[in-house]
Amino acid sequence: MNVKEITEGVYYAGVNDRVTALFEGLWPIPEGVSYNSYIVKGKNATALIDTVRIDEVREFLNNISRIQDGRPIDYLVINHMEPDHSGSIPEVVRAYPDIKIVGNVQTIGMIKGFYHIFDDSRFLEVKDGEVLDLGGKTLKFYLTPMVHWPETMMTYLEENGTLFSGDAFGTFGALNGAVTDCEMETDRYFPEMYRYYANIVGKYGMFVQRALARLVGVDIKWICSTHGPVWHSRIAEVVDLVDRLSRYESEPGVVIVYGSMYGNTAEMAEEVARGLAEAGVTNIIMHDASHSSMSRMISDAYRYEGLVVGCATYSMRLFPPVEAFMNAMETREIKNKVFAAFGSFTWAKGAVGSRMDEYVARMGLDSVGYVVMKQTLDDESRAAARRLGTEVAGRLTRK
Ligand code: FEO
């Protein structure tokens, strides 16, 4: 049971999930995930901030009960309605029948839709910038739409400088005993923060930037996200990381994602990689799209400056695992990549060339060009593939 006082009057009431294999039914979470919830105790009233996924409700209610020691809860603040955080609302209402649910107009509409709680007297609607006084603990609400859903907001506890940030600054990875970054080694969460951001929030960079702009000048001593550690000692690093990701700012490196049925396109990938290495690129990440997880491919492609896609032709189209990856990148509106492609065909020419042209145009990528091979590598296509790697290297701003 994971109950802890984080800062005076602020308690952790969240739970871990080490059972779910795929977060959102899509993203592997081998290290689990935490669903974070918090309690803020004022002199006059107590607020619970967010709930947890319904599967963990028994432990969650036990945590609340231990913190409250039989006392009621006055308010349930809902920063985000995705069911990994809102799923236990009906059970909280059942356990604390007088509780008032605090949210913005969109939150309240979603609660009615998801959980069929229709009694308007149950809700306290708040607008951007409004405050709720708990008695020596003042909650201020910042509406931050599309970080990650339209109703998302953040709640700032003024007296303690504590930001309850919803999904923002979150990460995969359960909490192994400790809750705050002051009491654990947090390096292992950082790669997962990239993956979490790229997989879950990646499409909404512009909105994350707007939210960050809203928070300029706000004195933040604690960041209490809905997933992962509570940030205190590493706030500057975490904010900087999310700022860079949401500006689509890349790190040095090139990702090669390829799909190959019988190894010929894979051989091209090796030549491209060799060309990159010979040109001085030291950080080259390769993914065989048939075997790598989509989650990691997206995360790496998001993170590094260069993206090279290689693809066999399949029934006149792109090889399906590669096409799925490219669609995922397009869904996330990935920007600012040095891009190149290579591919193969046996008898029907064209899948890589024409499809990639359309893709590059739609995405506004900085394209170095394509190399296409018929059937298998010969001296000419081998040299061309290697040269493609060299040319991508020449286009990078940093190696
Ligand atoms: Fe962790 Fe968008 O929910």
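Residues numbered from 1 in each chain as written. Predicted model: local features only at pLDDT ≥ 70, side-chain atom pairs only at ≥ 80, totals over all residues. Heavy atoms only, no water.

Asker: Just to check I follow, could you spell out the sheet that holds strand S13 (residues 138-143) for this structure?
Answerer: To summarise the sheet geometry, strands pair through backbone hydrogen bonds and adopt either a parallel or an antiparallel arrangement. The five strands lie next to each other as S12-S13-S14-S15-S16, forming an open sheet whose pairing is mixed. Looking at the sheet topology across the chains shown, the edges are occupied by strand S12 (131-133) and strand S16 (222-225). Averaged over all pairs of adjacent strands, the angle between strand axes in this sheet comes to 20°, irrespective of strand direction. Pairing of S13 with strand S14 (residues 153-157) involves five bridges; the strand directions are antiparallel. Looking at the pairing, Lys140 lines up with Tyr156 of S14. (Pairing = 2+ DSSP bridges. Helix = DSSP H or I, 4+ residues; strand = E, 2+ residues; numbered from the N terminus. Axes fitted to C-alpha atoms, helices over the stretch in contact; angles between N-to-C directions.)

Asker: Would you explain the sheet that holds strand S1 (residues 4-7) in this entry?
Answerer: The seven strands are arranged S1-S2-S7-S8-S9-S10-S11 in an open sheet whose pairing can be described as mixed. Whereas interior strands pair on both sides, the edge strands pair on one side only; in this sheet they are S1 and strand S11 (123-125). Strand-to-strand twist across the sheet, computed as the mean angle between neighbouring axes with direction ignored, equals 30°. Taken together, the four bridges between strand S7 (residues 38-41) and strand S8 (residues 46-49) define a ladder with antiparallel strand orientation. Bridge pairing links Val40 to Ala47 in S8. Where helix H4 (residues 105-115) meets the sheet, it contacts strand S10 (100-103) and S11, and its direction lies at approximately 155° from that of S11. (Contact = heavy atoms within 4.5 Å.)

Asker: What should I look at first to understand the environment of Met146 in this one?
Answerer: Its location among the elements puts Met146 in the loop between S13 and S14. Residue classification places Met146 among the buried residues on the basis of a relative accessible area of 19%. Taking C-alpha positions, Met146 is 16 Å from Gly109, a pair spaced 37 residues apart along the chain. With residues up to four places along the chain from it excluded, the contact list for Met146 reads Thr152, Tyr204 and Phe207. (Buried < 20%, exposed > 50% of the residue type's maximum accessible area, 1.4 Å probe, protein only.)

Asker: So what exactly am I meant to see when it comes to the packing of aromatic side chains here?
Answerer: A ring pair, where both rings are aromatic, is described by two values, the distance of the centres and the angle of the planes. One pass over the structure, following the stated rule, counts 12 aromatic pairs. Seen in terms of ring centroids, Tyr38 and Phe164 are 5.4 Å apart; in terms of plane orientation they differ by 50°. Their pairing is tilted. Here Tyr38, found in strand S7, pairs with Phe164, found in strand S15 (residues 162-166); they are 126 residues apart in sequence, far enough to count as distant. You'll find Tyr38 and Phe164 in the same group, each marked buried. In this structure an aromatic cluster arises from ring pairing among Tyr12, Tyr38 and Phe164. (Phe/Tyr/Trp six-rings, centres within 6.5 Å; stacked < 30°, edge-to-face > 60°.)

Asker: Is there a simple way to explain the nonpolar core in this structure?
Answerer: Considering soluble globular proteins, one finds that nonpolar side chains tend to be buried as a cluster. Core analysis: the biggest nonpolar cluster contains 115 residues, and Ile89, Leu139, Phe169, Trp231, Phe325 and Phe339 have the highest contact counts within it. When residues of this core are assigned to their parent elements, the largest contribution, nine residues, is made by helix H5 (residues 189-201). Summarising the domain contributions, this core has at least three residues from each of domain 1 (4-246) and domain 2 (252-393). Every residue in contact with Leu139, bar those within four places of it in the chain, is listed here: Ala47, Ile49, Val77, Glu130, Val131, Leu132, Leu134, Thr155, Tyr156 and Leu157. (Core = buried A, V, L, I, M, F, W, Y, C linked by side-chain atoms within 4.5 Å. Domains from an automatic or database assignment.)

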